[in-house]
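Overview (structure and organization)
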Amino acid sequence: MTQFAAPEFSGPWMAGIDEPLARDVATVLKSMGGSCHQAQVVQCVAALKRQRGETVAQDLAQRIIEVFEKYRDLFFRPFGEGSMRWALKPELA
């Protein structure tokens, strides 16, 4: 099991993220230096949820991919489409 203790990030960039899962994804990416492999993001978000006593849905990985796609104003693929690495936009990292 992955242990992950992400600090709480705040600021104007987080104020625009209302969806809790998107906030978790942004927090993980921020704590990892701004970019991370998709599988690692899923593992870390699952660990965050477990630490908070939340259940981890079977479709978490798919939901995280949907968050990445929905919030393209916050997240992008630094190595181009087809890559499994995601990053926060540079102005947010």
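That block above? That's the structure.
The paragraphs below set out a description of the structure included in this document. Worth saying up front: this structure is predicted, and the values here are computed from it rather than measured.

**Some words on the packing of helix H2 (residues 20-31) against helix H4 (residues 60-70)**
- For the pair H2 and H4, the least separation of the axes is 10 Å and the interaxial angle reads 85°. Classified by the interaxial angle, the pair formed by H2 and H4 is roughly perpendicular. Across the interface between the two elements, Leu21, Ala22, Val25 and Leu29 from H2 touch Leu60, Arg63, Ile64, Val67 and Phe68 from H4.
- Taken together, the residues that form the contact of H2 with H4 break down as eight nonpolar, no polar and one charged.

**As for the packing of aromatic side chains**
- If you walk through the whole model with that rule in mind, you get two aromatic pairs.
- Measuring from ring centre to ring centre gives 5.3 Å for Phe68 and Phe75, while their planes differ by 90°; the resulting arrangement is edge-to-face. The two residues Phe68 and Phe75 agree in class, both being buried.
- Linked through ring pairs, Phe68, Phe75 and Trp86 together constitute an aromatic cluster.

Parameters at a glance
- Residues numbered from 1 in each chain as written.
- Predicted model: local features only at pLDDT ≥ 70, side-chain atom pairs only at ≥ 80, totals over all residues.
- Heavy atoms only, no water.
- Axes fitted to C-alpha atoms, helices over the stretch in contact; angles between N-to-C directions.
- Helix = DSSP H or I, 4+ residues; strand = E, 2+ residues; numbered from the N terminus.
- Parallel < 35°, antiparallel > 145°, perpendicular 65-115°, else oblique.
- Contact = heavy atoms within 4.5 Å.
- Nonpolar A, V, L, I, M, F, W, Y, C, P; charged D, E, K, R; others polar.
- Phe/Tyr/Trp six-rings, centres within 6.5 Å; stacked < 30°, edge-to-face > 60°.
- Buried < 20%, exposed > 50% of the residue type's maximum accessible area, 1.4 Å probe, protein only.

Keep in mind that these numbers describe shape and distance, not what the molecule does.
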